[in-house]
Amino acid sequence: MNGEVWLLVGVVGIATVAIKASGPLLVGGGGLPAGLARLTDLLAPALLAALVATQAFTSDERLVVDERAAGLGAAAVAVALRAPILVTVVVAAAVTAVLRALG
Amino acid sequence: MAVFGVSFGVLARAAGLGIFAPIVMSATTFAGSSQFAAVSILGAGGGVATAVVAAVLLNTRYAPIGLAAAGALRGGAMRRSLEAQLVVDESWALSKRAGGRFDRGMLMGAGLTLYVAWVVGTGVGAMAGEALGDPEALGLDAAFPALFLALLAAQVRSGATAAAALAGAALALSLTPVTPAGIPVLAATAACLIGVRR
């Protein structure tokens, strides 16, 4: 696991530094083509939604509904009420933890 | 941002990354959502390749953001590349002015402040994570989807982004029982292709 962790940290770090630097270095060559800009706009929502779904409703490659679903529901309420991110996260963890303790 | 950093440190620790790796990651990558994504995928057994690809894909949005902010950066290639590292979602939003211009002082000042808060917060969280007990008993595994939901809510600004999000979630869930771990999340990125058509 340790080697994997450092591989992850190294590759993601280098790639992110390069991506962030690319815009200011390439400027003068014009902006991104409109189609490509639309794609990058939609990439983050698609990925984030997939992460929400898999991390709340799957376990060992199976679909499950457990205490995490209730936590996510509480988080959705917090988001709808425009709560700060930290409050949202703590509410989800607390609801999940309490249900597990009761179960 | 400091508390956000603390939560990254705690969750990275809970996912088995130890103390130093999360701190180094915050100091080099400095892009919260991709760091949370990478750590959560690795912690859930999704494999290092999937975690890397998901994190890098999430950060591709910094290419257009960097292009937009390029006019506010100074100096030669090296200095511009370094200054560009401070352009993150929050500093970009704070320094954005009318007409597509950027307040350079705000961009650099906010960026530096956020950077220090993020790295120090991560260190505090990673060390405090040791003192906390069993991550599952604390519900920390539910903290990840809640965090991604909050980040997602900030990104959904149009019908197209909402459609991409719904399609991404549906794709990931339907692929989960039939593909190896990690594949569903990456395959879900295909959902952004619905934007090409429109």
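Residues numbered from 1 in each chain as written. Chains lettered and ligands numbered in written order. Predicted model: local features only at pLDDT ≥ 70, side-chain atom pairs only at ≥ 80, totals over all residues. Heavy atoms only, no water.

Considering the overall build of chain A
Rules: Secondary structure elements follow DSSP: runs of H or I no shorter than four residues count as helices, runs of E no shorter than two count as strands, and numbering proceeds from the N terminus. Atoms counted for the radius of gyration: C-alpha only. Globule rule: 2.2 Å times residue count to the power 0.38. Only protein chains enter the calculation, and the probe is 1.4 Å; a residue is then buried if its accessible area is under 20% of its type maximum, exposed if over 50%, and partly exposed in between. By definition in these notes, contact holds between two residues if any of their heavy atoms fall within 4.5 Å. Computed with a 1.4 Å probe, the accessible areas rest on the Shrake-Rupley method; for each residue, only the protein chains presented here act as cover. Charged residues are defined here as Lys and Arg on the positive side and Asp and Glu on the negative side; His and the ends of the chain fall outside this count. Where a charge lies is defined by one atom per residue type: Lys uses NZ, Arg uses CZ, Asp uses CG and Glu uses CD.
What chain A contains, in helices and strands, is four helices and two strands. Overall, chain A shows an N-to-C arrangement of helices and strands of α-α-β-β-α-α. For a compact globule of 103 residues, the expected C-alpha radius of gyration is about 13 Å, and chain A comes in at 19 Å, more than 25% above that figure. Projected onto the principal axes, the alpha-carbon positions of chain A cover approximately 60 × 40 × 25 Å. Considering chain A as a whole, with its 103 residues, one finds that 41% of them fall into the buried category. Long-range contacts, defined as pairs at least 24 residues apart, comprise 29% of the intrachain contacts of chain A with a sequence gap of at least 6. With the model as given, the accessible surface of chain A reaches about 5,000 Å², and the carbon-plus-sulfur share is 69%. Looking at charge distribution, chain A has the averaged site of its 6 positive side-chain charges lying 10 Å from that of its 6 negative ones.

A look at the nonpolar core
Quick reminder of the rule: Buried Ala, Val, Leu, Ile, Met, Phe, Trp, Tyr and Cys residues that are joined via side-chain atoms within 4.5 Å together make up what is termed a nonpolar core. Residue ranges assigned to each domain were obtained from an automatic or database domain assignment.
One finds Leu8 of chain A together with Met25, Phe36, Val39 and Phe148 of chain B to be the most contacted residues of the largest nonpolar core, which totals 68 residues. The element that contributes the greatest number of residues to this core is helix 9 (residues 140–155) of chain B, accounting for nine residues. When residues of this core are assigned to domains, at least three fall in each of domain 1 (1–61) and domain 2 (65–103) of chain A. The contact partners of Val39 of chain B, leaving out residues within four places of it in the chain, are Phe8, Leu11, Ala12, Ala15, Leu17, Met25 and Phe144 of chain B.

A look at the interface of chain B and chain A
Accessible area lost during the coming together of the parts is what is often quoted as the interface size. Selection criterion: Accessible surface is computed with a 1.4 Å probe, and the buried area is the amount of it that two parts give up when combined, taken over both parts together. One side-chain nitrogen of Lys or Arg within 4 Å of one carboxyl oxygen of Asp or Glu is enough to make a salt bridge. In the analysis that follows, any N or O atom pair within 3.5 Å is treated as a polar contact, provided that within protein one partner can donate a hydrogen and the other can accept it, and provided that, for residues neighboring in sequence, both atoms belong to side chains. When residues are sorted by character, Ala, Val, Leu, Ile, Met, Phe, Trp, Tyr, Cys and Pro go into the nonpolar class, Asp, Glu, Lys and Arg into the charged class, and all the rest, Gly among them, into the polar class.
Every contact between the two is made by 84 residues of chain B and, on the other side, 62 residues of chain A. Buried area between chain B and chain A, both sides added, is near 6,200 Å², and the carbon and sulfur share of it is 79%. One can count one salt bridge joining chain B with chain A. Taking the shortest distance from any N to any O, the salt bridge between Asp141 of chain B and Arg100 of chain A comes out at 2.8 Å. Seen at the junction of chain B and chain A, the total is 11 residue pairs in polar contact (both at pLDDT 80 or more). Top element by residues in the side of chain B that touches chain A is helix 9 of chain B. It accounts for 14 residues. Residues belonging to the side of chain B that touches chain A are distributed by class as follows: 62 nonpolar, 18 polar and four charged.

Digging into the domain arrangement of chain A
All names here are of chain A. Considered domain by domain, chain A is made up of domain 1 (1–61) and domain 2 (65–103). For domain 1 and domain 2, the distance between their C-alpha centres works out to 26 Å. Of the roughly 420 Å² buried where domain 1 meets domain 2, counting both sides, 62% is carbon and sulfur surface. Looking at the side of domain 1 facing domain 2, the largest losses of area belong to Val52, Ala56 and Phe57, adding up to 76% of the total buried there. Our count for the contact surface shared by domain 1 and domain 2 stands at zero salt bridges. Taken together, the connections running from domain 1 to domain 2 amount to two residue pairs in polar contact (both at pLDDT 80 or more). In terms of residue count, the dominant contributor to the side of domain 1 that touches domain 2 is helix 2 (residues 34–57) (four residues). For the side of domain 1 that touches domain 2, the class distribution of residues is three nonpolar, three polar and no charged.

Observations regarding the pattern of salt bridges
Under the definition given, this model contains seven salt bridges over all chains. Residue Arg68 of chain A pairs with Asp66 of chain A through a salt bridge whose shortest N-O separation is 3.1 Å. Residues joined in a network through salt bridges with shared partners are Glu67 and Arg100 of chain A together with Asp141 of chain B.

Topic: the side chain of Arg61 of chain B
Residue and element names in this part refer to chain B. Along the chain, the position of Arg61 falls in the loop between helix 4 (48–59) and helix 5 (62–69). Polar side-chain contacts of Arg61 include one of 3.4 Å to the side chain of Ser33. Other than its neighbours up to four places away in sequence, Arg61 contacts Ser33, Asp89 and Gln155.

Thoughts on unusual backbone geometry
Residues and elements named next belong to chain A. The phi torsion at Glu61 lies on the positive side, around 60°, for a residue other than glycine. For Arg82, which is not glycine, the phi torsion reads 60° and is therefore positive. Following the sequence through the fold, Arg82 ends up in the loop between helix 3 (67–80) and helix 4 (85–102).

A few points about the environment of Pro24 of chain A
Inspection of the secondary structure assignment puts Pro24 of chain A in helix 1 (residues 2–26). When its relative accessible area of 3% is taken as the criterion, Pro24 of chain A is described as buried.

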